Each structure stands twice: as structure tokens, then as C-alpha cells.
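# Structural characterization, general
Below, each chain spelled out in residue letters.
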Amino acid sequence: MEIVRTSGPLNDRARDEILFRGDLIVFSQIPALQALQGLLDRVVRQTLGDRFEDVDAHSSDFSARMAALLQRFNAMSQTRELFAHALAQSGMDVTRNFADKLFLRCVPPTEKSNAQFRGSIGYHRDTWGSNIQQQINWWTPLYPISANNTLVFYPEYWDAPVANTTAEWSFEAFREARRLARSQSADAQIGYPYAPEAKEAIDTHKGVPILIAPGDLLCFSSAHLHGSSPEPRSGYRFNLEMRSYCGSCREGDGQGVTPPENIDNAQSEPNYHWFKPLM
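Summary of the structure given here.

About the thresholds
Residues numbered from 1 in each chain as written. Predicted model: local features only at pLDDT ≥ 70, side-chain atom pairs only at ≥ 80, totals over all residues. Heavy atoms only, no water. Helix = DSSP H or I, 4+ residues; strand = E, 2+ residues; numbered from the N terminus. Rg over C-alpha atoms; globule rule 2.2 N^0.38 Å. Buried < 20%, exposed > 50% of the residue type's maximum accessible area, 1.4 Å probe, protein only. Contact = heavy atoms within 4.5 Å. Areas by Shrake-Rupley, 256 points an atom, 1.4 Å probe, with all protein chains shown as cover. Lys, Arg positive; Asp, Glu negative; His and termini not counted. Charge placed at Lys NZ, Arg CZ, Asp CG, Glu CD. Pairing = 2+ DSSP bridges. Phe/Tyr/Trp six-rings, centres within 6.5 Å; stacked < 30°, edge-to-face > 60°. Salt bridge = Lys/Arg side-chain N within 4 Å of Asp/Glu carboxyl O. Core = buried A, V, L, I, M, F, W, Y, C linked by side-chain atoms within 4.5 Å. Axes fitted to C-alpha atoms, helices over the stretch in contact; angles between N-to-C directions. Left-handed = near helix turned anticlockwise from the far one by under 90°. Nonpolar A, V, L, I, M, F, W, Y, C, P; charged D, E, K, R; others polar. Polar contact = N/O pair within 3.5 Å; in protein donor to acceptor, adjacent residues only side chain to side chain.

### Quick look at the overall build of the protein chain
Regarding its fold elements, the protein chain presents six helices and 11 strands. Radius of gyration (C-alpha) of the protein chain: 18 Å, near the 19 Å computed for a compact globule of 279 residues. C-alpha extents for the protein chain along the principal axes are approximately 50 × 40 × 35 Å. Counting the 279 residues in the protein chain, one finds 52% classified as buried. The long-range share in the protein chain, meaning contacts at least 24 apart out of those at least 6 apart in sequence, stands at 84%. For the protein chain, the exposed surface amounts to about 12,400 Å²; the carbon and sulfur share of it is 50%. Here the protein chain contributes 27 positive and 33 negative side-chain charges, whose respective centroids are spaced 5 Å apart.

Structure follows, in C-alpha cells:
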């Protein structure tokens, strides 16, 4: 697995040729992303406080403030617009690409974090949830990150199957569990995984942590096995993430780059309905 760092744009085909062979791309200091980071830093500190790093993540006050932060974030239309602008600055043709929601994740320095806030997550492939092999991920931190609180990749499993729960996982069951948790309290745990999970242990010591700066944009194939840094973690991690696919890469149209092979996903239908046009 190579990490390709670039300060210039790559068009959809050039980007996917790199990603679909198992390499990663880091687009350095995207102007629209820098603007978005500055905007969200103000929103985070207005909602959680200037010294949010010192707040106990187990406190009910923190949970209530995080719920308010996510509510405020989800109501801000300019966040998706700025992120789409950042994707265009990376070289994406945003008129031909589809994406899911822009998500804000908070990973606090605790053993367990609330799934309502999209906290830490174990190793997985994002294609396990969507069943879209040409899907790619976009990821950027809001604040400086460290090797023990970042995204970790397991390149040895790029072409090796991992036992998982794709055969039994249900998005509808997750949505119902999430609705129930939100109806209880801001810190209620969701009693169902929000994505299929691995059933087998892997050697986490072989993981490759990714270190990028706020304003950098990481892009990788959703077929990569990855997850949050294993315990112990230090400091809070806030990051933005989005998944996309190129319209010309849908199976059967013959115009896109050949996506990675499905080696361990038991689902039968792709969930294209999770995505909508970027522009």
C-alpha cells in the first residue's frame, strides 16, 4: 500500500486507477477544506466550549452538547457545499459523482464512545454496508491528530477475505435501534451496529496509522479494511467523512476503472439509494 501525496488535482479516472489498486491518496491543503475547518472550529467551540479537550466524555453534559453540535452541524447546508467544492478542487467532476451525507465524527479518549456521535469503530470495509465496490471514502480531521487516535489501515487484507456479518446485518434494524436510542436520551447507546462487523480477529499490530493535517483530504477505496486506532487513545478526534462513487463507474456501463473484487461481502443488492448527486 502506497500513500500518494499530491498538492494538485487528479481527475476521476486517474484517482480511481490509484485507489482501486489498493493505494491511498492525500490531497494537501485544499482551500475549500481549510475554509470548512475554520467554520466548524468556531461551531465546535461555541457548542462544546473553548476547552472542550478537558471535558469528561462520560458526563451527561458532554453528551447533551454533542447532540446539540450534531443537530447544528446537520442543519448547516454550507458544510456539504464547501466539502463538494473541496472535492472539485481535488479534481473530481462533481456533476458526475454521487455521495452520501457528510458526517461529523467525534472519537473521545475513552474505551467506549457513543455510536450516536459516530465514535470509534472497529476494523471493517465500508463496502460491507453499501455493497458498492466502486465506492470511495473521503476523510479529513478538524484538529491535529496523533498515531494513537486516527484512521488505521490493514493492507494485508486488501485481497484477503475477512469473516463478517454482511449476511445478517440490516440497515432497517439499525435505523430502528438508532431511533429508539435517540428517543431515550442523548447518551443512550444504539443497541445495533451501524455497519456490518468483522467476525474474526486480525493482527492489529500490522495496522498502518494515517497522519494528515487539518486541511488535507484523504481518499481511499471503501474496500480497504480500516478502523479507528485501537485502545488506548489520547485526545479528542473530530473528523469529517463522506463516501462517493463515480456515475460512469456503475457496473455494466463499461466506462469506469475496474473496481476491487468483492471477496467477502454476502449482500446481494447495492444500496445506491443511500447516495444522491453532488451537484
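Continuing now.
### Observations concerning the sheet that holds strand β7 (residues 208-209)
As summarised here, the arrangement of the three strands in space is β7-β6-β9, forming an open sheet in which the pairing is antiparallel. At either end of the open sheet lies a strand with only one pairing partner, and these are β7 and β9 (226-228).

### Re the packing of aromatic side chains
In total, this model carries 15 aromatic pairs according to the counting rule given. Between the aromatic rings of Tyr245 and Tyr272, the centroid separation amounts to 5.2 Å while the plane-to-plane angle is 55 degrees, which identifies the pairing as tilted. Taken together, the positions of Tyr245 in strand β10 (residues 237-246) and Tyr272 in the loop between β10 and β11 (276-277) put the pair 27 residues apart, joining distant regions of the chain. Assessed through its relative accessible area of 1%, Tyr245 is described here as buried. Taking the relative accessible area as the measure of exposure, Tyr272 reaches 14% and is therefore buried. Three or more aromatic residues joined by ring pairs make a cluster, and in this case those are Phe52, Phe62, Tyr143, Tyr236 and Phe238.

### Structural notes on the pattern of salt bridges
All chains considered together, the criterion is met by 15 salt bridges. Between Asp12 and Arg15 there is a salt bridge whose closest N-O contact spans 2.8 Å. In this pair, Asp12 and Arg15 both sit in helix α1 (residues 12-19), three residues apart, roughly one turn of the helix. Each member of the pair Asp12 and Arg15 is classed as buried. When the shortest N-O distance is used, the salt bridge between Arg13 and Glu17 registers 3.5 Å. In this pair, Arg13 and Glu17 are both assigned in helix α1, four residues apart and thus about one turn of the helix distant. Look at Arg13 and you get partly exposed, because its relative accessible area is 45%. By relative accessible area, which is 41% here, Glu17 ends up partly exposed. Residues joined in a network through salt bridges with shared partners are Asp12, Arg15, Asp16, Asp93 and Arg96.

### Notes on the nonpolar core
Ranked by size, the top nonpolar core spans 46 residues in total, and within it Phe83, Leu87, Trp138, Phe238 and Leu240 carry the most contacts. The leading source of residues in this core is helix α2 (residues 31-48), at eight residues. Sequence-distant contacts of Phe238, defined by excluding residues within four places in its chain, comprise Val44, Leu48, Phe52, Met66, Leu69, Leu104, Arg105, Cys106, Pro141, Leu142 and Tyr143. Counting 10 residues, the second largest nonpolar core, distinct from the first, contains Trp139, Leu151, Ile210 and Leu218.

### Observations concerning the packing of α2 against helix α3 (residues 60-74)
Viewed as axis vectors pointing N to C, α2 and α3 meet at an angle of 145 degrees, and their least axial separation amounts to 9 Å. In this structure, α2 meets α3 at a crossing whose hand is right-handed. Along its contact with α2, which presents Leu40, Val43, Val44, Gln46, Thr47 and Leu48, the element α3 presents Phe62, Arg65, Met66, Ala68, Leu69, Arg72 and Phe73. Looking at the contact of α2 with α3 residue by residue, the class counts come to nine nonpolar, two polar and two charged.

### Describing the environment of Asn11
Following the sequence through the fold, Asn11 ends up in the loop between β1 (3-6) and α1. For the pair formed by Asn11 and Ile121, sequence separation is 110 residues and the distance between their alpha carbons is 30 Å. Among the polar contacts made by the side chain of Asn11, one reaches the main-chain amide nitrogen of Arg13 at a distance of 3.2 Å.

### Topic: the side chain of His224
Of note, His224 is situated in the loop between β8 (217-221) and β9. Discounting chain neighbours no more than four positions away, the residues touching His224 are Met1, Gly22, Asp23, Leu24, His124, Arg125, Phe153, Pro155 and Trp158.

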